[in-house]
Amino acid sequence: MYIDDILITGASSEEHLQALNEVLQRLEKAGLQAKKQKCEFMSPSVTYLGHHIDAKGLHRLTEKVQAVKEAPPPRNVQEFGLTHVLQQIPTANSSGLPSTEKRCEMALGKERGGSL
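Since the model is a prediction, treat every value here as computed from it, not as a measurement. (Residues numbered from 1 in each chain as written. Predicted model: local features only at pLDDT ≥ 70, side-chain atom pairs only at ≥ 80, totals over all residues. Heavy atoms only, no water.)

Turning next to the pairing of strand 3 (residues 57-60). Remark: a regular strand shows side chains that alternate across the two faces of the sheet. The pairing of strand 2 (residues 51-54) with strand 3 spans four bridges and is classified as antiparallel. Bridging from a neighbouring strand, Asp54 pairs with Gly57 of strand 3. (Pairing = 2+ DSSP bridges. Helix = DSSP H or I, 4+ residues; strand = E, 2+ residues; numbered from the N terminus.)

Now the structure itself:
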């Protein structure tokens, strides 16, 4: 079994260490191990899945938002699904993207009179 990423946080250093201890105990109980060289501890921020995460919250990376804005409209249901998933990732700041309903209409071609 492989687990790629585990992000652990806390409101304080003490809370963070308690959460870390809990996760490590659960991994051990499940017979799983983490590679020390792949671990990063007590980082004040991380970049993960197109977002910057820090004490102030979750912030979309500008270049990732721009890539989604500039992407061509989906040509089939599979492409629509990926676009929809990417745009549903929550954020703590405004991305400038249209509402979810508007994006679905745009992706399905309703504004242009088309459909998938």
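Resuming the write-up.
Okay, unusual backbone geometry next. Non-glycine residue Met42 carries a positive phi angle of around 60°. Mapped onto the elements of the fold, Met42 is located in the loop between helix 1 (13-29) and strand 1 (46-48). On the basis of relative accessibility, which here comes to 42%, the residue Met42 falls in the partly exposed class. Backbone geometry places Leu49, a non-glycine residue, at a positive phi of 50°. Locating Leu49 in the fold gives a position in the loop between strand 1 and strand 2. For Leu49, a relative accessible area of 63% translates into the label exposed. (Buried < 20%, exposed > 50% of the residue type's maximum accessible area, 1.4 Å probe, protein only.)

Turning our eyes to something else, we now look at the pairing of strand 2. Of the pairings in the sheet, the one linking strand 1 to strand 2 comprises three bridges and is antiparallel in character. Bridge assignment links Tyr48 to a residue of strand 2, and that residue is His51. In this antiparallel pair of consecutive strands, strand 1 and strand 2, the connection spans two residues, and Leu49 shows a positive phi of 50°. Here strand 2 hands over to strand 3 after two residues, the two strands then running antiparallel side by side.

Taken as a whole, the largest pocket encloses approximately 1300 Å³ of empty space. Along its surface, the largest pocket is lined by 34 residues, and Asp5, Ile6, Leu7, Cys39 and Glu40 are the ones closest to its centre. Elements with a contribution of two residues or more to the lining of the largest pocket: helix 1, strand 1 and strand 2. Class assignment of the residues belonging to the lining of the largest pocket gives a composition of 20 nonpolar, eight polar and six charged. (1 Å grid on protein atoms, 1.4 Å probe; cavity = no way out; pocket = protein on both sides within 12 Å on 5 of 7 lines; lining within 4 Å. Points joined across faces, edges and corners; volume = space filled by probe spheres on them. Nonpolar A, V, L, I, M, F, W, Y, C, P; charged D, E, K, R; others polar.)

Another aspect to go through is the side chain of His16. The residue His16 is located in helix 1 in this model. Overall, His16 belongs to the buried group, its relative accessible area being 13%. A distance of 3.4 Å separates a polar atom in the side chain of His16 from the backbone oxygen of Ile8. Excluding anything up to four places from it in sequence, His16 contacts Ile8, Thr9, Gly10 and Met42. (Polar contact = N/O pair within 3.5 Å; in protein donor to acceptor, adjacent residues only side chain to side chain. Contact = heavy atoms within 4.5 Å.)

For the protein chain, per-residue confidence averages 74 on the pLDDT scale, and 64% of positions sit at 70 or higher. Ranking the elements of the protein chain by mean pLDDT puts helix 4 (residues 100-108) last, at 54, and helix 1 first, at 92. A low-confidence stretch, residues 91-95 (pLDDT under 50), is modelled with 11 contacts involving residues beyond four sequence positions or located in other chains. Below a pLDDT of 50 lies the segment residues 111-116, which in the model reaches 15 contacts outside its immediate sequence neighbourhood of four places, other chains included. (pLDDT = per-residue confidence, 0-100.)

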